Amino acid sequence: MPVDAAKALLCWYVVDKRRLPWRAEAGEIADPYRVWLSEVMLQQTTVAAVKPYFETFTGRWPTIGALAAAKDAEVMAAWAGLGYYARARNLLACARVVAEEHGGVFPDNEEALRKLQGIGAYTAAAIAAIAFGRRAVVVDGNVERVIARLHALKQPLPQARPRIRALVDAMTPEEGAGDFAQAMMDLGATICTPRNPACGLCPVRNWCRAFAEGAPETYPVKPPKAARPHREGIAYWLEHAGQVLLVRRPAKGLLGGMLAFPEAPPADAAWEAAGSVEHVFTHFSLTMTLCFARTERPPDGFWHPVGTIAEAGLPTLFAKLAARGLAWREKGDASDDVRENALLV
Ligand code: SF4
């Protein structure tokens, strides 16, 4: 992209940039804590989904020191529903390292930032550019799409990534790399959108090869999609005296460290099938059946009141199962007959 196009993009950004809670307005100094927190939350997650979580986190933990001092369970519960839970564990680990080893001040360059937990190449570049004004090459999914279209790249993703990175590097200005990165992201998020790019409103259409060709939505070229595998699972709702048994999942692995229903029978009981829920993870889809039982001999464990299960901080899959369990209870309390056919024993 010629220098003129980069200038046109920056002029557009000054007027039309998105107003986002983590973004510094003109004349304000960016807060590295807020930039870092937003960038971690935005990994694989939409702006609309992140906004309420960002407000909650910065309200409860307004500084890196406050977050570093928070209890793990509180942070995991506050993150519940945002997905990709390894991010929450990394967030805490990173906050504690910054608080304890860097005096509560984020390192101001990519190399040092990358040594922190949960900060990969993209996030390090974004923080260095946006929070510290460093010249860094920032490439997210939005930027990839814009570049693939501007240059009408025929090579599919992910193979085209090195070329895209080189093209972004070539156009990133020495001064104002943070604004440039955010302008590219905003262009991709609001105008150069995946399905129906609004080329008529685009500040760089005069330089865009895909626009000139007439079919910009066909870029970036994608490789054929592999089918997403499907899995089945069972979760167990064991109830005693108005409380339901929860477990904390192992720290590593899927939904690591989050509260959940057990996935093996926690007691001998007359288990009934209470229906199932569907959930889609990045790498597979899942049908999870909920088995329901009450017991008079409760095993040791973490028992949570049924009435407040919706506030327990369950990740989305288990929140769906909790809703299923509540619906099943109500139906069962109204009429035990309807459940007879579902008795599993
Ligand atoms: Fe995207 Fe259209 Fe602008 Fe090209 S002209 S960058 S395809 S919005």
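Details of the structure are given in the entry above.
A. View of the overall build of the protein. A tally of helices and strands in the protein yields 13 helices and six strands. C-alpha extents for the protein along the principal axes are approximately 75 × 50 × 30 Å. Considering the protein as a whole, with its 345 residues, one finds that 47% of them fall into the buried category. The contacts of the protein with a sequence gap of at least 6 include a subset with a gap of at least 24, amounting to 69%. In the form shown here, the protein has an accessible surface area of approximately 17,200 Å², with 54% of it arising from carbon and sulfur atoms. Both charge centroids of the protein, one from 39 positive and one from 37 negative side chains, sit 6 Å from each other.

B. Summary view of the pattern of salt bridges. Evaluated as defined, the whole model comprises 13 salt bridges. We note a salt bridge from R135 to D169, for which the minimum N-O separation is 3.0 Å. Of this pair, R135 sits in the loop between helix 8 (121–132) and helix 9 (141–150) while D169 sits in helix 10 (residues 161–171); the two residues are 34 residues apart in sequence, bridging distant segments of the chain. We classify D169 as partly exposed; its relative accessible area is 34%. Look at the salt bridges and you will find they share partners, linking R18, R23 and D186 into a network.

C. Broad picture of the side chain of Q182. When you line up the elements, Q182 lands in helix 11 (residues 177–190). For Q182, a relative accessible area of 9% gives the class buried. In contact with Q182, other than residues within four places in its own chain, are Y13, R23 and I130.

D. View of the nonpolar core. With 104 residues, the main nonpolar core has W36, F57, F261 and F318 as its most contacted residues. The greatest single-element share of this core, amounting to eight residues, is contributed by helix 8. Among the nonpolar cores identified, the runner-up in size contains eight residues, and Y236, L238, C291 and W303 belong to it.

E. Expanded view of the pairing of strand 4 (residues 272–280). Direction of pairing for strand 4 relative to strand 5 (residues 285–294): antiparallel, over a ladder of seven bridges. Residue pairing across strands places V280 opposite S285, the latter belonging to strand 5. In textbook terms, the turn of a hairpin is the stretch between consecutive antiparallel strands, and for strand 4 and strand 5 this stretch comprises four residues.

F. A look at helix 10. The complete set of buried residues in helix 10 reads I164, L167, V168 and M171. Buried positions in helix 10, seen along its axis, are confined to an arc of 100 degrees and lie on one side of it. Of the exposed residues in helix 10, those oriented more than 90 degrees away from the buried face are P162 and A170.

G. Here's a closer look at the pairing of strand 1 (residues 230–240). Relative to strand 5, strand 1 runs parallel, the two being bridged by ten bridges. Within strand 5, the residue paired with I234 across the bridge is T289. With antiparallel pairing between neighbouring strands as the criterion, strand 1 and strand 2 (residues 243–248) make up a hairpin whose turn holds two residues, including A241 at a positive phi of roughly 50 degrees.

Calculation criteria
- Within every chain, residues take consecutive numbers counted from 1 along the sequence as written.
- It should be noted that, the model being predicted, local features are given only for residues of pLDDT at least 70 and side-chain atom pairs only at 80 or more, the latter also being counted only at that level, while totals for whole chains, interfaces and linings use all residues.
- Only heavy atoms go into the side-chain values, all of them from the structure, while hydrogens and water stay out.
- Only DSSP runs of H or I reaching four residues or more are called helices, and only runs of E reaching two or more are called strands; each is numbered from the N terminus.
- Accessibility here uses a 1.4 Å probe with only protein chains present; expressed as a share of the type maximum, an area under 20% marks a residue as buried, one over 50% as exposed, and anything in between as partly exposed.
- Two residues form a contact once any of their heavy atoms are found within 4.5 Å.
- The protein chains shown are the only cover counted for residues, whose accessible areas, like all others here, come from Shrake-Rupley with a 1.4 Å probe.
- Counted as positive: Lys and Arg. Counted as negative: Asp and Glu, with His and the chain ends omitted from the count.
- Where a charge sits is defined by one atom per residue type, namely NZ (Lys), CZ (Arg), CG (Asp) or CD (Glu).
- Each reported salt bridge corresponds to a side-chain nitrogen of Lys or Arg within 4 Å of a carboxyl oxygen of Asp or Glu.
- We call a set of buried Ala, Val, Leu, Ile, Met, Phe, Trp, Tyr and Cys residues a nonpolar core when their side-chain atoms join them within 4.5 Å.
- Strands were regarded as paired on the criterion that DSSP finds at least two bridges between them.
- The arc in question is the one traced by the directions running from the helix axis out to the C-beta atoms.

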